[in-house]
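Residues per chain are reported as follows:
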Amino acid sequence: MTNIYLPSIAALIVSILPLAALAPSLLHLSLSDGVRTAWAGANIVFVLLGLILSVVCVRSKESRSVINIVSTAISAFWALLMVGIVALAMFLTFVQ
């Protein structure tokens, strides 16, 4: 494995990390409000970092690979999901 693939693998791992938010619910654990807030903030950072890493890796022709394209798609999905949640929250706030 060459050094070209290390940023690609890092981008893929960071793109998948927001799925760790499902672990407490799958294990039937209840988290305090502070932990949930910190977890949400970490997920936002992971999504943005994964998107930035993925786009940087895909833009470079020598490091473009299937791993980069997959991590970009995953990160774009998370980003669109976050934007949709914020838009829904704002819509519901103004409707009430």
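Residues numbered from 1 in each chain as written. Predicted model: local features only at pLDDT ≥ 70, side-chain atom pairs only at ≥ 80, totals over all residues. Heavy atoms only, no water.

### Here's the deal with the packing of helix 3 (residues 33-59) against helix 4 (residues 66-95)
- With their axes 8 Å apart at the nearest point, helix 3 and helix 4 run at an angle of 140 degrees to one another. By the angle between their axes, helix 3 is oblique relative to helix 4. Of the two elements, helix 3 crosses helix 4, and the hand of that crossing is left-handed. Contact residues: helix 3 offers Ile44, Val47, Gly50, Leu51, Ser54, Val55, Cys57 and Val58, while helix 4 offers Asn68, Ile69, Ser71, Thr72, Ser75, Ala76, Trp78, Ala79 and Met82.
- In the contact of helix 3 with helix 4, the residues fall into 11 nonpolar, six polar and no charged. (Axes fitted to C-alpha atoms, helices over the stretch in contact; angles between N-to-C directions. Helix = DSSP H or I, 4+ residues; strand = E, 2+ residues; numbered from the N terminus. Parallel < 35°, antiparallel > 145°, perpendicular 65-115°, else oblique. Left-handed = near helix turned anticlockwise from the far one by under 90°. Contact = heavy atoms within 4.5 Å. Nonpolar A, V, L, I, M, F, W, Y, C, P; charged D, E, K, R; others polar.)

### Focus on the packing of helix 1 (residues 5-16) against helix 3
- Put simply, helix 1 and helix 3 touch, their axes get as near as 8 Å, and they point 150 degrees apart. When the interaxial angle is binned, helix 1 and helix 3 end up roughly antiparallel. Crossing of helix 1 against helix 3: the hand is left-handed. Of the residues in helix 3, those in contact with Pro7, Ser8, Ala10, Ala11, Val14 and Ser15 of helix 1 are Phe46, Leu49, Gly50, Leu53, Ser54 and Cys57.
- Of the residues in the contact of helix 1 with helix 3, the class split is eight nonpolar, four polar and no charged.

The analysis is restricted to geometry; functional conclusions fall outside its scope.
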